[in-house]
Each structure stands twice: as structure tokens, then as C-alpha cells.
Number of protein chains: 2
Amino acid sequence: MNSLTEENYLKALFNIANIAGEVNVTELSKNLDLKMPTVTSMVKKLAEKKLVHYESYKPLRLTEKGKREAGLIIRKHRLTEMFLVDKMKLGWEDVHDIAEQIEHIKSPVFFEKMDELLGYPKVDPHGSPIPDKNGKVVWKDYNKLSDCNAGETVKLAAVINTSSEFLKFLNAREMHLGLRIKIKAIEPFDKSIVINYGKRHAETLSNVACERLLVEKEG
Amino acid sequence: MNSLTEENYLKALFNIANIAGEVNVTELSKNLDLKMPTVTSMVKKLAEKKLVHYESYKPLRLTEKGKREAGLIIRKHRLTEMFLVDKMKLGWEDVHDIAEQIEHIKSPVFFEKMDELLGYPKVDPHGSPIPDKNGKVVWKDYNKLSDCNAGETVKLAAVINTSSEFLKFLNAREMHLGLRIKIKAIEPFDKSIVINYGKRHAETLSNVACERLLVEKEG
DNA sequence: CGAATTCATTAGTCAAAGCTAATAATAATT
DNA sequence: AATTATTATTAGCTTTGACTAATGAATTCG
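A brief structural summary. Residue numbers run consecutively from 1 along every chain, following the written order of its sequence. Starting at A for chains and at 1 for ligands, labels are handed out in the order in which the entities are written. A pLDDT threshold of at least 70 governs which residues receive local features in this predicted model, and a stricter bar of 80 or more applies before side-chain atom pairs are shown or counted, although totals over entire chains, interfaces and linings include all residues. Water and hydrogen atoms were dropped before computing side-chain values, which therefore reflect all heavy atoms in the structure.

**Points about the pattern of salt bridges**
When the charged atoms of two side chains lie near each other, side chains of opposite charge can form a pair. Should a side-chain nitrogen of Lys or Arg be within 4 Å of a carboxyl oxygen of Asp or Glu, the pair is scored as a salt bridge. Summed over the entire model, instances satisfying the criterion amount to 30 salt bridges over all chains. Lys 58 of chain B is the partner of Glu 55 of chain B in a salt bridge, and the nearest nitrogen-oxygen pair spans 3.5 Å. The buried label goes to any residue with under 20% of its type's maximum accessible area, the exposed label to any with over 50%, and the partly exposed label to all in between, with areas taken from a 1.4 Å probe on protein chains only. A relative accessible area of 48% places Lys 58 of chain B in the partly exposed class. Across the pair Lys 67 of chain B and Glu 64 of chain B runs a salt bridge whose closest N-O atoms are separated by 3.3 Å. In this pair, Lys 67 of chain B and Glu 64 of chain B are both assigned in helix α4 (residues 64-87), three residues apart and thus about one turn of the helix distant. Salt bridges sharing partners connect three or more residues here, namely Lys 11, Glu 100 and Glu 103 of chain A. Secondary structure is summarised from DSSP: a helix means a run of H or I of at least four residues, a strand means a run of E of at least two, and numbering begins at the N terminus for each.

See below:
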């Protein structure tokens, strides 16, 4: 069985890989708020347990086994967040920290019951998929907004990262899941994008932001 | 802030004291499933933190501060058990182990919300009091069944310990909280007691059992 | 009462998971 | 290409919380 510490490493590896693709020791140590040597030594232990592929000075990658275990933790995290908000009426600002703790609880029945009470959800309120009981993550076939073309109309399906800064950014612009967005133009200069949606007209979004927004094409 | 380990020591000290009165190192180490030297050294640390009174070779006692902290943990444990059973419809056989984990979660709002959803209960389903927000335990003025006299009629109000063996014992005899019990006789020989209740007639209970049953006298 | 038994403590070891300081490998810049 | 900067690793130390083996108190029993 994995320790709480190991679970946190796996989760961080999984999340960083999802956002940034590659994971290096620096990123991981920032994410976990630990010093680099600490991370190096732990990663080696995870490698011995066949949870990560590790070669000195190379990027870190989860093994299939590692992905599965990480998926299971993220499943528990996302189910917990939904449960806390939907069933316990706690505020979104509170639930993340609580879910970070509850996700480590060892009890299959507990999470199965949550799943049942929530009606077996497939995605969480950020549009992120909830991994299945085997830790498998099925991302629907979404596109990054940054990969779309001018003239297309798309529906906002998910946000890739859920830092509070980014969520505030979206909030300030009245952007929410399900929103229909019409792409007016893409600036060749910096890949920023000009869109219409709701009552707003000719809003500009940076490429950085667009890379974190997943959309479904209409049609 | 106390570590998870420390919290478990405090809770065990509290529970043993409640059941057995005095706590010695042997009992505590059995309860925590640790070796005695481990317990001795931890208890000394707790003493430095002013959580227990410690003198070599003397029984262990929680300080007021220690009682308060233990009470807060037990509050979280009991609220959690009730929440899991009443609101999540989990079985009693499952909830203890889950509550043992959830009781360590750091989040005032989480437990306040549980309390609210449960309607601010004062006792748990075993009749044990739920400590208040300051960790204070208010046992209602119950009597041990073993301290009652022949001829009295009493109502079963609480069970002091909740080991599964004891609960099964009670179950097998169709005894439950709220039950009216008429005391027919007390054997001077071994202090065992003869009672009538429900459809049962002249059942005998040992003194050991009677010491763990709290009753309210009918007035 | 003295011997045996039980209970508790001391001393020393170990693993997990963190740290700092020093060093080595890789990448970037001039 | 050489230097500098960044990134990663090694070596060695620390704390927490466990353990075993040996020893010292307290209690019980013949």
C-alpha cells in the first residue's frame, strides 16, 4: 500500500503531466513545496515500486501502474469535491482543501457510496473527467480553444487547470462551462484570439488562456 | 498542532479512562497496538506538551488541555459516524473504520456543516455524549445498571463501551437503547442481576456487563 | 519475607521523509 | 567553444515514531 506521501507525489505527477506534458524535478518540487533533493530521492523509491519511469536527468513519467494509482486518487478527490458541494452544501472555496485530505481515506465502500449518491457522474463541475474505478481517465474528444480556427462556433466544455486565479479570470469575463463561443479572428502575431459570446463582443483572450480551455465543436 | 499519532494517543487515553478509570502503559499499548517502550516515549512527549500528567510508574492522566483536545477528536469521530449512517446510509459495521480516518481531518467548516446537517445532536446512537465545540463532554446523570437496586425499573440510556463483541452480546439478548428493564434480584454472590424486559423473563446479566450499561431511573 | 511475576523504563537501532551543502550534468549565452 | 546558468544528484544530517534487548520498579504469591 502507498503512503500518504507517495499518493501526493503520484497525484502531482499526474496533474503536472496533464497540464504541462513533461514533468521535471523542479516542477514537481515546486508543486509539492519540497526541496529538489527530497523529490529526487522519493522519485527513485517510486521507480523501485514501478510507479514511475526514472532515468537520471531525464523527464519523469508515470508508469501504467502509476497512472492507474494516480487516477484512483484523483477519482476520490473529484468525487469528494462534488459530494461536498452538491450534498453537503459547502462552498467551492472550502472544498479543495478538505478533498485533499479525504482523498487519502482507505475505504472502497465510502467512495462507492459517494459515487452512488451523486448518480455516477462522469465529469466534475470543471468539465474534468472523473477517472473510473480502475483509475482510467477518459477525456472526451475535446479540442483546445487555441487549436480552433476563425469562423468556428464552439461550446466551452472544460478547463484544464483549476487554479483559483484562472477561475477568477474566467468569472470576471462571465465565462462558464456550456458557453457558446464564436471565434472571430486569431492574431497571427501572438496567437491571441478574438471571440464573441453571450452579450460580449470582440473580447480578446491570450493564447496562454486558450490553451487551458477545452471546447466541443458544434455540428 | 498535534500529529495524527498524537491524536490517536489522546483519543485512546480518553476512551480507556472512560471505561476503566485508570490508564496504565500496558493498556494503552494494547489499545494502540504498539510496544510499551514506544508508548512510554510518546507519553513523555505528550507530557512536555502539557497534554498528559506523567510520573514514572504512575498511572497516566490527561491534563485539562489533553481532555479538551481528546474531546474534540471524539466529537469529530461521533459526528462522522452519525453522518455516515444517517446521511450516507452506510452500515454500522463500516462506519467505525472510516470515522477513525475522517476524525483527523483539519477543517472546522466541514465538521460544523456535518453538525448542522445532523441537527446538532447531543448524543450518538450508542447513547454516548457528543463532546461540544470546546471538547467538553457532558454525560447526563445516568447510573450504571450495576449500581441499581432490586425492585427498580430503569430505562437503558447508553452503553459505555462499543466493542463489536459487546454489541453482539446485547443484540443476541434483544437489548437496545430506550428499553425498559425491571430489576428482579441481585445475586449477592457474584453481583449478577436478574431482570425482566420486553418479552423476556428472568434473564441474568453478569456484573461485568452491568457495569457497561447506563440507565435512567424512572421517576 | 523473599522469590517470582508483571509492569515500566532506558539504551540503542531503524525506516520514512524531510533538509543543507557540495558537486555533477545539461542547457543557454556570449 | 567556452563560460555561465540552470537543473539534478550525491552525501550526509535531522526528526518522528516505531522496534528489540536489557534493566529496574512494583506487585503478588508461596
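Having seen it, we continue.
**Observations concerning the sheet that holds strand β4 (residues 153-159) of chain A**
All names here are of chain A. Overall, antiparallel pairing links the six strands, which are arranged β3-β8-β4-β5-β6-β7 in an open sheet. Looking at strand neighbours, the two that pair on one side only are β3 (143-144) and β7 (200-205), the edges of this open sheet. Here, a strand pair is defined by DSSP locating no fewer than two bridges between the strands. Where β3 meets strand β8 (residues 213-217), two bridges bridge the pair, whose relative direction is antiparallel. Bridge assignment links Asn 143 to a residue of β8, and that residue is Val 215. We call two residues in contact whenever any of their non-hydrogen atoms come within 4.5 Å of each other. Fitted lines through C-alpha atoms serve as axes, helices being fitted only where they are in contact, and the angles separating the N-to-C directions of these axes extend from 0 to 180 degrees. Contacting β4, β7 and β8, helix α7 (residues 164-172) runs over the sheet at an angle of about 150 degrees to β4.

**Describing the protein's contact with DNA strand D**
Lining the immediate environment of DNA strand D, one finds 19 residues, of which Thr 26, Lys 44 and Tyr 54 of chain A together with Ser 3 and Thr 38 of chain B sit closest. Protein-proximal atoms of DNA strand D, defined as those within 4 Å of the protein, fall in sugar or phosphate at a share of 74%. Any pair of nitrogen or oxygen atoms within 3.5 Å is treated as a polar contact; in protein, a donor-acceptor pairing is required on top of that, and neighbouring residues in sequence qualify only through side-chain atoms on both sides. Within the backbone of Tyr 57 of chain A, one N or O atom sits 3.3 Å away from a phosphate oxygen of DNA strand D. Within the side chain of Tyr 57 of chain B, a nitrogen or oxygen atom sits 3.4 Å from a sugar or linking oxygen of DNA strand D. If you list the elements that add at least two residues to the surface near DNA strand D, you get α2 (25-32) and α3 (36-48) of chain A together with α1 (4-20) and α3 (36-48) of chain B. Here the surface near DNA strand D takes four residues from α3 of chain A, the largest share from any one element. Gly falls in the polar group here, along with every residue not listed as nonpolar (Ala, Val, Leu, Ile, Met, Phe, Trp, Tyr, Cys, Pro) or charged (Asp, Glu, Lys, Arg). Of the residues that constitute the surface near DNA strand D, the class distribution is nine nonpolar, seven polar and three charged. Throughout, the term near means that a residue has one or more heavy atoms lying within 4 Å of the molecule or strand in question.

**Quick word on the interface of chain B and chain A**
With 19 residues of chain B at the contact, the number on the chain A side is 19 residues. The term buried area denotes the loss of accessible surface (1.4 Å probe radius) that occurs when two parts are joined, taken as the sum for both partners. Between chain B and chain A, roughly 1,500 Å² of surface is buried when both sides are summed, and carbon and sulfur atoms account for 77% of that area. For the pair chain B and chain A, the number of links is zero salt bridges. Where chain B touches chain A, the interface holds three residue pairs in polar contact (both at pLDDT 80 or more). Looking at the side of chain B that touches chain A, the elements with two or more residues in it are α4, α5 (92-102) and α6 (108-118) of chain B. The dominant element in the side of chain B that touches chain A, judged by the number of residues it contributes, is α6 of chain B, at five residues. Residue composition of the side of chain B that touches chain A, by class: eleven nonpolar, three polar and five charged.

**Points about the protein's contact with DNA strand C**
The immediate surroundings of DNA strand C are formed by 19 residues, with Ser 3 and Thr 38 of chain A together with Thr 26, Lys 44 and Tyr 54 of chain B found nearest. Of all DNA strand C atoms lying within 4 Å of any protein atom, the proportion belonging to sugar or phosphate reaches 79%. Between a sugar or linking oxygen of DNA strand C and a side-chain N or O atom of Tyr 57 of chain A, the distance comes to 3.3 Å. Within the side chain of Thr 40 of chain B, a nitrogen or oxygen atom sits 3.0 Å from a phosphate oxygen of DNA strand C. A total of four residues in the surface near DNA strand C trace back to one element, the largest contributor, which is α3 of chain B. Considered class by class, the residues forming the surface near DNA strand C number ten nonpolar, seven polar and two charged.

**A closer look at unusual backbone geometry**
Leaving glycine aside, a negative phi is the common case for residues, and trans is the common case for peptide bonds. Residues and elements named next belong to chain B. The phi dihedral of Lys 50 is positive, around 65 degrees, even though this residue is not glycine. In this structure, Lys 50 sits in the loop between α3 and β1 (52-53). The phi dihedral of Tyr 57 is positive, around 65 degrees, even though this residue is not glycine. Secondary-structure assignment places Tyr 57 in the loop between β1 and β2 (61-62).

**Observations concerning the packing of helix α2 (residues 25-32) of chain B against α3 of chain B**
To characterise two packed helices, one gives the angle between the axes of the helices and the distance between these axes. All names here are of chain B. In the contact formed by α2 and α3, the axes pass within 9 Å of each other and the chain directions differ by 105 degrees. Here α3 runs roughly perpendicular to α2, going by the angle between their axes. Counting all contacts with α2, which are made through Val 25, Thr 26, Leu 28 and Ser 29, the residues of α3 involved are Met 36, Val 39, Thr 40 and Val 43. Of the residues belonging to the contact of α2 with α3, the class tally is five nonpolar, three polar and no charged. For classification purposes, angles smaller than 35 degrees are called roughly parallel, those larger than 145 roughly antiparallel, those between 65 and 115 roughly perpendicular, and all remaining angles oblique.

**Some words on the pairing of strand β4 (residues 153-159) of chain B**
Residues and elements named next belong to chain B. The buried fraction of β4 is high, at five of seven residues. Across three bridges, the pairing between β4 and strand β5 (residues 180-186) is antiparallel. Considered in β5, the bridge of Val 154 is made with Ile 181.

**Section: the relation of the copies chain B and chain A**
Residues below a pLDDT of 70 in either copy are left out; the C-alpha atoms of the rest, at least 70 in both, set the least-squares superposition of the copies. When chain B is fitted to chain A, the best match, at an RMSD of 0.1 Å, comes from turning it 180 degrees and sliding it 0.0 Å along the axis. Overall, the copies show the geometry of a two-fold rotation axis. Rotation axis and chain B: the residue whose C-alpha lies nearest the axis is Ile 102 of chain B, separated from it by 3.6 Å.

**Describing the side chain of Asn 2 of chain B**
Residue and element names in this part refer to chain B. For Asn 2, the position within the fold is in the segment before α1. Asn 2 gets classed as buried once you look at its relative accessible area, which sits at 13%. Side chain to side chain, Asn 2 and Glu 69 meet in a polar contact 2.3 Å long. The residues contacting Asn 2, other than those within four sequence positions of it, are Glu 7, Leu 10, Lys 49, Leu 51, Glu 69 and Lys 106.

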